[in-house]
Amino acid sequence: MDLLVLGPLEVRRDGRPVEVRRGRPRRLLLSLLLRRGDPVPQDTLIDQLWGDAPPVNADNALHLLVSYLRRTVAGERLRIDRGPAGYRLVVDPGSVDAARFEELVRRAAAAQEPGVRLRAASEALALWRGPAFAEAADDAFAQADIARLDELRVQACESRADALLALGRHDEALPDLAQLAREHPFRERLQGQLALALYRAGRQAEALAALHRARTVLAEDLGLDPGPGLAELERQVLRQDRRLDPPLDPPLDTVPAARRAPVPDPAPDSGPAPRPPAPAEVPGVPVALTSLVGRDEQVAAVRRALGGSRVVTLTGPGGAGKSRLAAEVVRPPAGRGTVWWADLAAVPGGPGVGAAVAAATGTGLASDDAAQELRRWIGGREAVLVLDTCEHVADEATRLVAVLTAGCPGLRVLATSRRPLGVPGELVRPVPTLPVPAAGEDDVEVVGASPAVRLYCERAAAVRPGFVLDAANAGDVAAVCRLLDGLPLAIELAAGHAAALSPRKTAALLADRLRLLGDGALRAAIDGSYGLLTEDEAAFLDRLAVFAGPFPLEAAAEVAGAGLAADGLQLLLSLVRQSLVAVGDADHFRLLDTVRAFAGARLATRPDEASAAADRHACWYAAFAEDADRSIRGADQAGWLAELRASRADLRAALAHCLRGPGRRADPGARMVCALSWFWSHEGSFAEARAWIAEARAAGPHGPRLDAELHLAAGMHAESVGELAVTEEECTRAAAGFAAIGDSRGEARALLHLGTARWALGRLDDAATAQDRSIGLYRSVRDDSGAGLGLVLRARTALDGDDARLARELLVEARHLLRRAGDPHLGALCLDQLARTCLADGAVAEAERLAQESLAVFEAVGYREGVTASLQTLAQASLALGEPAAATALLRRAGANALELGQPAALAETLELLGEAVGDGDPRAAARLVGAAGRLREEGPLPRTPSQERRVAAWLPRLRAALGERYAAAVAEGRPESPADLLAALPDGAPRA
């Protein structure tokens, strides 16, 4: 077992990664690890993990987390013990990369031979994958250890540089030394090493300049003179002292690996051929965890119906298997092509239907008119849209389907609902129940031929191995299936009790409940299942109804287990065994929709308990959102994004409860809005973000910190949609608010967005001032991601100011910081800005390579704003290479993306670039594009940046000359036109291979 903490937490068993859930489970493991085998009191752990908002039963919640870690990571070389003094982690120090790192640093410092010192220091530094204890970077319990490891890391860098200089490898040491000296201006040893490396590289003037900078910084910032070592080095450089010359004969064993002859890789071991991958599932379509029994004819019939009708609705009672049938219909190989699955079960109605379909199709909503934006996005594409569970939002779903089918000729809709939608041309297909044996039938062969009985037997055998249909139980199994009207869900629930109950007992219980309620087969099945629960199990299940989607174990325990005598973990596992709670992916659970509805109705009869459960649910997801916000801008970004996307329904439910419910909880709701602001920006969900921000502000007043956070969130999302004056006002107020409470990181974030607004408004000096202040604040709190992003944006400002040299210098430093931070999306931003700087320098091939690299990263992480920017950069490279057709194809994609996201600034720039691309071949079309872009800029207002102005000024005179007197009329013709129509009218182009 290996624990890797020099970067995002990784746990490896026998070299293979072990998945540990993000958030509190990881922070608990790190907290125990930091105590180096000493016990941590239970109260201390609770305070570290929950702070001022512990759960109702904090001891039980902590126990659940410990139990989870024991199941997940414990083994022979790692265990979690509990004693009178608290919990302690018992682990071999050699299994922890931080311990190995410290030992290697000590070995490097003690080594007399430079070759030994170099190897130890290099091995130590190679262990780092990002910031130490990244998941606990903001936790007070980790600060001392993080600072200590960071200091040892710099010492390792110094040892490595010493060894390289002693071996005469100054050229190899220079790049890292230049960066380190800039990051640590007060470390005289580094400043001296840099000056010595420069001197040995034949750069005496630069060596003296470096020493002068070091002396100036010490004097101006600290009021100190350099130490005697640095002063003597300066004198030696001035004298060109021979003692500074590099050694002539380095030891042979210290030749760098790059200069040695390559060693061929050993032949791979022969072994069995790798197994072919399993067939890919359609993204979004529920994964089939069990076989579909008795539905072959229905699957084929629905596929035929969907081939001949634009809208097909599967109807039937809850539990009939409509969703399962729909999933099988669209699953490969029969469901080839584009399939979008929109689960409407948790949607409250109103605009939520459009938002859910937009999320399923990947459409960013920038306005409240979701139907029209979806119509534009889908266009003429051939696709199937599945709307699952429509009955509670039937009116909204009907209106949306009517718009989409009228405007999207290649779209087909498959809906599941308890009643038809009523759309013109709709084909309604009732989903029948499974055929059941006739009353009194007990012949094994006849009973066994029934699909309902086959389903019961298959599911019963899964929970009770060895279960078979025989002469003794055939009549009872047939009775169970008849009592449940052949409804698949009800049969599966009943079969889930086969481990404890015989078919005869199950039939008897179901019959009794039917006589009492007489309210339908599914209600009988679910209520019969309740009859088998303990009081605590029933209360726990009722409270789980507040979850709108999949939920993790600890959330279930905190939200549903509060105040119950039984252990929450045991209650949940008992419900899983009884098939009332389903197991999802990665230790998540979920309620079947009909079970949730039944449990919710029961809970609603106890309003105080329902309100308390909803409060706990909201508090848990507020803390989850804050955990995600702390960690999402690091190397584990993809994992956090996936978790947030999977939790969308519950996050929205929690927000609605806090900000719209009868007993509003304004502060938790506002905290959640602020924590989700970056995520919404990354996803392009600007309209949703701005709506929640407005509701959070209306629910105030809040405290100074929350008010500042809300100002920042409002400014950030106004920036994304081009409302620059709003951005400047909101971010100025945010920066002042953070400064007043001494929050340097918050002030840095606000200043960064303020700088972007001023850059976009063409006020480059004001932008540079805000950005420089932001970078300094980020450095003061050791935030590599923030400082790196600030340097990228400052480089963009320098480039617009026609200072490509400064832009390159800033980007070199930014790239180093962002690699260390491990944030892929920020690293790609740096690559794209570097590509634009290369274009300004005329290095077109390098610019194209960098832009392609950044585009690949943006597409991989799903950052659509970045995709637009990289497409624009690639198009500019194509134009520089004389390939306007390739540029046009790229810019059509960029324009479509900007339209979907609702970003007028990016759209205006794209239209102008398109005008440049098509100007020589179709001057009139180019002038119309210029007119449309001009209207967007005037409406913003969205002035061109200096670099944009220079670019347009270089090609626009040619267009004017080509059209002559017709130019003004063509521009005027384009002003009122829709950008979407202009983009559609352009030729497809042909991107280069």
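Residues numbered from 1 in each chain as written. Predicted model: local features only at pLDDT ≥ 70, side-chain atom pairs only at ≥ 80, totals over all residues. Heavy atoms only, no water.

If you open the UniProt record of the chain and go to Sequence similarities (unreviewed entry), you find "Belongs to the AfsR/DnrI/RedD regulatory family." (UniProt positions renumbered as here; feature names shortened; annotations may be inferred.)

S.K.: Looking at this structure, how should I read the packing of helix H6 (residues 140-166) against helix H7 (residues 170-183)?
M.R.: The packing of two helices is summarised by the inter-axis angle and the distance between the axes. Contact geometry for H6 and H7: axes closest at 9 Å, N-to-C directions at 150 degrees. As judged from the angle between their axes, H6 and H7 are roughly antiparallel. When you trace H6 past H7, the crossing you get is left-handed. Across from Cys157, Arg160, Ala161, Leu164 and Leu165 in H6, the residues of H7 making contact are His170, Glu172, Ala173, Asp176, Leu177 and Leu180. Residue classes in the contact of H6 with H7 are distributed as 7 nonpolar, 1 polar and 3 charged. (Axes fitted to C-alpha atoms, helices over the stretch in contact; angles between N-to-C directions. Helix = DSSP H or I, 4+ residues; strand = E, 2+ residues; numbered from the N terminus. Parallel < 35°, antiparallel > 145°, perpendicular 65-115°, else oblique. Left-handed = near helix turned anticlockwise from the far one by under 90°. Contact = heavy atoms within 4.5 Å. Nonpolar A, V, L, I, M, F, W, Y, C, P; charged D, E, K, R; others polar.)

S.K.: What exactly am I supposed to notice about the sheet that holds strand S12 (residues 582-583) here?
M.R.: Pairing between the strands of a sheet is mediated by backbone hydrogen bonds and can be parallel or antiparallel. With antiparallel pairing, the 3 strands of this open sheet are ordered in space as S11-S13-S12. Every other strand in the sheet has two partners, leaving strand S11 (551-552) and S12 as the edge strands with one partner each. The sheet contact formed by S12 and strand S13 (residues 588-590) spans 2 bridges and is antiparallel. Bridge pairing links alanine 582 to arginine 590 in S13. (Pairing = 2+ DSSP bridges.)

S.K.: Can you help me understand the nonpolar core in this one?
M.R.: The tendency in soluble globular proteins is for nonpolar side chains to be buried side by side. Counting residues in each nonpolar core, the largest one holds 82 residues, and the members touching the most others are Leu911, Ala927, Leu929, Leu956, Leu959 and Tyr967. Setting aside residues up to four positions removed in sequence, leucine 956 forms contacts with Val930 and Tyr967. The next biggest cluster of nonpolar side chains, apart from the first, holds 77 residues, and it includes Phe101, Leu127, Ala136 and Leu233. (Core = buried A, V, L, I, M, F, W, Y, C linked by side-chain atoms within 4.5 Å. Buried < 20%, exposed > 50% of the residue type's maximum accessible area, 1.4 Å probe, protein only.)

S.K.: I would appreciate a short explanation of the packing of helix H41 (residues 904-918) against helix H42 (residues 923-939) in the present structure.
M.R.: Between H41 and H42, the shortest axis-to-axis distance is 8 Å and the interhelical angle comes to 160 degrees. Taken together, the axis directions place H41 and H42 in an arrangement best described as roughly antiparallel. Like other packed secondary-structure pairs, H41 and H42 cross with a definite hand, here left-handed. Contact residues: H41 offers Pro904, Leu907, Ala908, Glu909, Leu911, Glu912, Leu914, Gly915 and Val918, while H42 offers Pro923, Ala925, Ala926, Leu929, Ala932, Ala933, Leu936 and Arg937.

S.K.: Explain the sheet that holds strand S3 (residues 16-18) here, please?
M.R.: If you walk across this open sheet you meet the 3 strands as S1-S2-S3, and the pairing is antiparallel. The open sheet has two free edges, formed respectively by strand S1 (2-4) and S3, since each of these has just one partner strand. Strand-to-strand, the axes of this sheet are offset by a mean angle of 35 degrees, without reference to chain direction.

S.K.: How should the pairing of strand S2 (residues 10-13) be read in this particular structure?
M.R.: The side chains of a regular strand alternate between the sheet's two faces. In the sheet, S1 pairs with S2 via 3 bridges, with the strands oriented antiparallel. In the sheet register, aspartate 2 faces S2, and the bridge partner there is arginine 12. The loop that links S1 with its antiparallel partner S2 comprises 5 residues; one of these, glycine 7, has a positive phi angle of about 140 degrees. Across 3 bridges, S2 lies against S3 in antiparallel orientation. For arginine 12, the partnering residue across the bridge sits in S3 and is proline 17.

S.K.: Would you mind going over the packing of aromatic side chains with me for this structure?
M.R.: Where two aromatic rings form a pair, the distance of their centres and the angle of their planes describe that pair. All told, the structure shown has 11 aromatic pairs when counted by the stated rule. Where tryptophan 620 meets phenylalanine 624, the ring centres are 5.8 Å apart and the plane angle is 10 degrees; that geometry is what we call stacked. Here phenylalanine 624 and tryptophan 620 lie together in helix H26 (residues 607-631), a separation of 4 residues that amounts to about one turn. By relative accessible area, which is 7% here, tryptophan 620 ends up buried. Residue phenylalanine 624 is classed as buried on the basis of its relative accessible area of 9%. Members of the aromatic cluster, connected to one another through ring pairs, are Phe547, Phe551, Phe589, Trp620, Tyr621, Phe624 and Trp640. Across from the ring centre of tyrosine 530, 4.0 Å away, lies the NZ or CZ of arginine 602, which sits over that ring. Sitting over the face of the ring of tryptophan 377, arginine 864 holds its NZ or CZ atom 5.8 Å from the ring centroid. (Phe/Tyr/Trp six-rings, centres within 6.5 Å; stacked < 30°, edge-to-face > 60°. Lys NZ or Arg CZ within 6 Å of the ring centre and 35° of its normal.)

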